[in-house]
Amino acid sequence: MRPGIFAAFVVLGLVALPFMDAGGGAFAVTSGLVTGAAIPLIDSVMQNRRWLKLVWFSLVYRRQSIRLSISYLYRIKIDGLYLLTQGKRFNTYIPVGGVYKYAESARQHLDHLGILTDDLVPVDESSKNDLRIRVPGKNLVAFFRWFESGESRETSPWREFWEELVDEGLVSAHAFPWIFERKVRRHVTPIRYSKIAQSREIFVADIYELDATTEQAKELERLRNGANPSILWVDANQIRRRGVVPGKKQEYEIGEPAEWVL
């Protein structure tokens, strides 16, 4: 509501100023009001620019379906090396993490928005209720408002950490009964057309950095010094090259999401 009021002051003031005497008191008062309203208006626009993008996309692509994949990824780093694990569905190495899930209690609301489960990944017990979905363009803003509320959806990145590292026996449950993590940022890819999905798509990933205890750091060092084909410890340059080493046969492929945690 307030940005709308500030915008109205700015527009009305700019319309009125050309008809006023530049040396008069009314001109000074009006220009002062315009300046005073413009500052919070600009600040509000800057703070909410991502919402403005969504509003724009919802208008431009209102009659199209947008594929969304919304996930969380861990930045786990020791001595300049990043931990990557082999994906279960695709033969690439990516950071620990996965797609957020929504609760059954959200299904009615998502159905109301016309949201469909993405059909590129078979739905099974592992992928059920994943936020890998297709959203009508006109409802992009409504969907992200629901997502930002955190209502009836997964909000902690703990599940995938446990499943990929502890449950797989890569690190011990004794060392990792719980973890601390720091949210680094949210990575959002530009909207793009996917030939595979035959639609436009947006990838959203919340990036977390593991804040390991002394015992947990030792456990990760043990993991790094071991030999396990399901994990990689690589530096930033290897990630940017996607596992390609000039002059050598490529031994493994690193997925795009690995770059998002750098």
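Before reading on, note that the structure itself is shown above.
Residues numbered from 1 in each chain as written. Predicted model: local features only at pLDDT ≥ 70, side-chain atom pairs only at ≥ 80, totals over all residues. Heavy atoms only, no water.

S.K.: I would appreciate a short explanation of the packing of aromatic side chains in the present structure.
M.R.: Any pair of aromatic rings gets described here by the distance separating the centres and the angle formed by the planes. In this structure the tally under the stated criterion is 14 aromatic pairs. For the ring pair W158 and F161, a centre distance of 5.8 Å and an interplane angle of 20° mean the geometry is stacked. In this pair, W158 and F161 both sit in helix α6 (residues 158–166), three residues apart, roughly one turn of the helix. By relative accessible area, which is 0% here, F161 ends up buried. An aromatic cluster is present here, built from Y72, Y100, F143, F144, W146 and F147 joined pairwise through their rings. Over the aromatic face of Y100 sits the side chain of R153, whose NZ or CZ is 5.1 Å from the ring centroid. (Phe/Tyr/Trp six-rings, centres within 6.5 Å; stacked < 30°, edge-to-face > 60°. Helix = DSSP H or I, 4+ residues; strand = E, 2+ residues; numbered from the N terminus. Buried < 20%, exposed > 50% of the residue type's maximum accessible area, 1.4 Å probe, protein only. Lys NZ or Arg CZ within 6 Å of the ring centre and 35° of its normal.)

S.K.: Can you help me understand the pattern of salt bridges in this one?
M.R.: Once their charged atoms are close, side chains differing in charge can pair, the charge on each being opposite to the other. The tally for this structure, following the rule as stated, stands at 20 salt bridges. The closest approach of N and O atoms between E160 and R159, which form a salt bridge, is 3.2 Å. For the salt bridge of D206 with K183, the shortest nitrogen-to-oxygen distance reads 3.6 Å. Of the two residues, D206 is situated in strand β10 (residues 199–211) and K183 in strand β8 (residues 180–188); the sequence distance between them amounts to 23 residues. (Salt bridge = Lys/Arg side-chain N within 4 Å of Asp/Glu carboxyl O.)

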